[in-house]
Amino acid sequence: SFGYSKDHRPDLKQLLFGMTVTGDGGVPITGRITSGNTSDSEENRFNLTSLRPVVPDLTKSILVADSKFFSGSTLELAYQENIPFVTLVPKTVGLREELVKEEGDFKPLLTRPGRHKGEIEEYKGFSAERAYRYKSSTGEEIERTMRFLVVESTVLSRQKAKGIERAILKEKKKLSNLAEKVSKRIYSCPQDAEKEAQLVREKTKLLYHELDIKINQRELPVKRERRGRPAKGEEAPTKRGWTVGIGFFQNPEKIVESKRREGRFVLATSILD
């Protein structure tokens, strides 16, 4: 809850509501209201310790949590308390990025009517066991084997499609500005122009486009040494110069792959069976 801030910081949370509910009907089990400075991960750990005196045998339950649960201290507490869990893996985790790029054996998980008439929601996925290393609250490095479920969702794909289209246009504008800026630079030899081209290739990180860079030779006008009007038939003096021409085009394969990855999410669970 953001509420009213006497410090004139409406962007900061004033209160944090933490609650654990049953999965079959949303009945509250534990919860509290705490300071807005409390992190979500810290609140997850508080809820874990609060469950022990309330639920007699936590090993027979499955705790379902959002991505804030996926931190070293919280994961280790769940393992120590022997609480089975399923949680969303955040995008900041390197292993997640590896998994969404994998082309595993995706199998149908769920098909159901969508929110709009005639719309169908489809979910496909595959699971894989992976070792994951993290640090506990004491700084100890721990490795646990978890099962990760990579899910491909048509709903998520539709939600992310517009964002990807905006990102493509943004990248196109960035490349247009770069091409205009670089084309104004004149080099006295082709080697210097090639060095600039190589620098552009190395520094320009692209998600949806490919570069087509060419070195162009130009004849540049040179100021006459003699004053006065040029004689009839006198050719204007020139010198050779080289420029870097940057062309670019969309890569359909990159776009399709990006849409596929953005339409996926990853769940992690301590249940290996």
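On a predicted model such as this, the values are computed, not experimentally measured, just so you know.

(A) How the structure looks around the nonpolar core. Core analysis: the largest hydrophobic core is formed by 30 residues, its most contacted members being Phe 69, Phe 70, Leu 75, Tyr 132, Met 146 and Phe 148. For this core, the secondary structure elements donating two or more residues are helix H1 (40–51), strand E3 (63–65), helix H2 (72–80), helix H3 (94–101), strand E6 (120–135), strand E7 (141–153) and strand E10 (264–269). Residues contacting Phe 69, with those up to four places away along its chain left out, are Asn 44, Leu 48, Leu 63, Thr 74, Leu 75, Ala 78, Phe 85 and Thr 87. Counting 10 residues, the second largest nonpolar core, distinct from the first, contains Ala 197, Val 200, Val 244 and Ile 246.

(B) Broad picture of the sheet that holds strand E4 (residues 85–88). Reading across from one edge, E3-E4-E10-E7-E6-E5 is the order of the six strands in this open sheet, with mixed pairing throughout. In this open sheet, the two edge strands, each paired with only one partner strand, are E3 and strand E5 (107–113). Strand-to-strand twist in this sheet, taken as the mean axis angle between neighbours without regard to direction, amounts to 25°. Docked against the sheet, helix H4 (residues 154–183) engages E6, E7 and E10, running at close to 90° with respect to E6.

(C) Expanded view of H3. Buried within H3 we find Leu 95, Arg 96, Leu 99 and Val 100. Here the buried residues of H3 occupy an arc of 130° about the axis, which is enough to place them on one side.

(D) Representation of the confidence of the model for the chain within the structure. On average, residues of the chain score 86 in pLDDT, and 89% of them reach the 70 mark or higher. The element-level mean pLDDT for the chain is lowest in H1, coming to 76, with E10 highest at 96.

Basis of the calculations
- Going along each chain's sequence as written, the residues are numbered from 1 onward.
- Given that this is a predicted model, residues contribute local features only at a pLDDT of at least 70 and side-chain atom pairs are listed and counted only at 80 or more, while totals for whole chains, interfaces and linings are drawn from all residues.
- With hydrogens and water stripped out, all remaining heavy atoms of the structure feed into the side-chain values.
- Throughout, nonpolar core names a set of buried Ala, Val, Leu, Ile, Met, Phe, Trp, Tyr and Cys residues whose side chains join them through atoms within 4.5 Å.
- Exposed residues in this analysis have more than 50% of their type's maximum accessible area, buried residues have under 20%, and partly exposed residues fall in between, with area computed by a 1.4 Å probe over protein chains only.
- The secondary structure listing takes helices from DSSP runs of H or I that are at least 4 residues long and strands from runs of E that are at least 2 residues long, numbered from the N terminus.
- Whether two residues touch is decided by their heavy atoms; if any such pair falls within 4.5 Å, the residues are in contact.
- We call two strands paired when DSSP finds no fewer than two bridges between them.
- Lines fitted to the C-alpha atoms define the axes, with helices restricted to the stretch that makes contact. Angles between their N-to-C directions range from 0 to 180 degrees.
- Note that the arc is defined by the directions from the helix axis to the C-beta atoms.
- What pLDDT expresses is the predictor's confidence in each residue, scored from 0 to 100.

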